[in-house]
Amino acid sequence: MLFAGMMYATTPSKQIPNGKKAKVTGQIKSRNGDLVNITEKKTGQMVVVDLTDNTKVEREKGTLRLRRSDMDVTAMVPGLTITAEGVGNAQGQLVASSVKFDPDAFAIEVAQQQEINANQKAAAQAQSTANQGVQQAQLAQASADVAQSTANQAGNAAVAAGALGVMNADAVALVNKRVSDLGDYNTVAEAGIFFPTGASQLDAAAKADLDKLAQLAMQTNNYMIEVAGYASSTGTKAENQKLSDERATAVVLYLRNEKSIPMRRILAPAGYGATHPMAANTDSQGRSLNQRVDVKVLVNKGLDQGI
């Protein structure tokens, strides 16, 4: 659904001359710690953008779930189109002084890609059935037409949702699809942080687990951290979404404020409501397992860790 990839080795790279100011616009293909690999829109070449403590990251517009301006940098995930300005370094990378992006446009891009994938799947199924006979092919074509119509409707609805700010929980989950779901990243460590019913405060045990995870992360070259919050099905959908988001935010703020994890190393922290339960919500034990935040330390397995 997002557009990560092993593009770095196969896509021609563009070198930014050392000391020269430059501005590039393109789609993020992968992350490697502080290094963001983008495919430039004008040339199709790969440009490596280096994020630092001095990089200012901000939204151009939009109302996506990133409520705090200091959390904008966490939106730098594969699939997002960004505009970066800065100066070239000795490695030919662009050391970014500023990065801008439009999160609502990102939602539309992701939805449009889903529509393309749906159309391709429908066409492939129709072709396979057509090979079995004319009659079956006709039936498959009719099915493909229905799938095409449904995909078009979904695409139009997604564009409309993007224009309105992409505020519903399903759209938030779509845009913030977990990076660890992509095949180009290894999970080197993970922890489950659990919360009492209705609570989003970290207890001593949760802080101890985050302390260990942060220490391991900082010992890992080019690490990134993914944070996903969840809730049980006790409350309403809106309440669960809010609570899961508050739990994810509590973890992020602890990692930043207490463990000095740079925000640019944290990838799109998100609340996913009561989705992805670890256990059934039919008893207190199951619900307690679902009231959690999953925290993962990731590394890019496809890129040279030395770039």
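Residues numbered from 1 in each chain as written. Predicted model: local features only at pLDDT ≥ 70, side-chain atom pairs only at ≥ 80, totals over all residues. Heavy atoms only, no water.

A closer look at the overall build of the chain
Where we set the bar: Put simply, DSSP marks the helices as runs of H or I at least four residues long and the strands as runs of E at least two long, and each gets a number from the N terminus on. The buried label applies to any residue whose accessible area, calculated with a 1.4 Å probe on protein chains only, is under 20% of its type's maximum; exposed applies above 50%, and partly exposed to all values in between. Areas reported as accessible are Shrake-Rupley estimates using a 1.4 Å probe. Residue values count occlusion only from the protein chains shown.
Helices and strands together make up the secondary structure of the chain, namely 6 helices and 10 strands. Sorting the 307 residues of the chain into buried and exposed places 49% on the buried side. When the accessible surface of the chain is summed, it comes to about 14,500 Å², and 50% of that surface belongs to carbon and sulfur atoms.

Examining the nonpolar core
To keep things clear, this is the line we draw: The nonpolar core is taken to be a set of buried Ala, Val, Leu, Ile, Met, Phe, Trp, Tyr and Cys residues, with the residues joined through side-chain atoms within 4.5 Å. A contact between two residues is defined here by any heavy atoms of the two lying within 4.5 Å.
Counting 55 residues, the largest nonpolar core has V49, M76 and I225 as its most contacted members. For this core, the element with the most residues is helix α5 (residues 237-257), which contributes 6 residues. Residues in contact with V49, not counting those within four places in the same chain, are V24, D34, L35, V36, I38, A84, L94 and A96.

Brief notes about the packing of helix α4 (residues 204-218) against α5
What counts, and what does not: Angles shown run from 0 to 180 degrees and are taken between the N-to-C directions of axes, each axis being a line fitted to C-alpha atoms and, for helices, limited to the stretch in contact. Between 65 and 115 degrees an angle is taken as roughly perpendicular, under 35 as roughly parallel, over 145 as roughly antiparallel, and anywhere else as oblique. By the definition used in this description, the sense in which the near helix is turned from the far one sets the handedness, with an anticlockwise turn below a right angle giving left-handed and a clockwise turn giving right-handed. All residues other than Ala, Val, Leu, Ile, Met, Phe, Trp, Tyr, Cys, Pro, Asp, Glu, Lys and Arg, Gly among them, are scored as polar; the first ten of these are nonpolar and the last four charged.
Two elements in contact, α4 and α5, have axes whose closest approach is 11 Å; the angle formed by their N-to-C orientations is 55 degrees. Here α5 runs oblique to α4, going by the angle between their axes. Regarding α4 and α5, the two cross each other, and that crossing is right-handed. Note on element contacts: α5 touches α4 through V251, Y254 and L255, opposite K207, L210, D211 and A214. Partitioned by chemical class, the residues of the contact of α4 with α5 number 5 nonpolar, no polar and 2 charged.

Side note on α4
Just so we agree on the cut-off: Expected helix span is given by 1.5 Å per residue-to-residue step, counting one fewer step than there are residues. Directions are taken from the helix axis to each C-beta atom, and the arc is the one they span. Polar contacts here mean pairs of N or O atoms no more than 3.5 Å apart (in protein, one a potential hydrogen donor and the other a potential acceptor; neighbouring residues in sequence count only if both atoms are side-chain atoms).
Its 15 residues give α4 an end-to-end C-alpha distance of 21 Å, which sits within 8% of 21 Å, the value for a rise of 1.5 Å per residue. By the burial criterion, the buried members of α4 are A206, L210, L213, A214 and A217. Burial along α4 is one-sided: seen end-on, the buried residues are contained in an arc of 100 degrees. Structural note: α4 exposes A204 and K212 on the side pointing more than 90 degrees away from its buried face. Its side-chain oxygen placed 3.2 Å from the backbone nitrogen of A205, D203 serves as the N-cap of α4.

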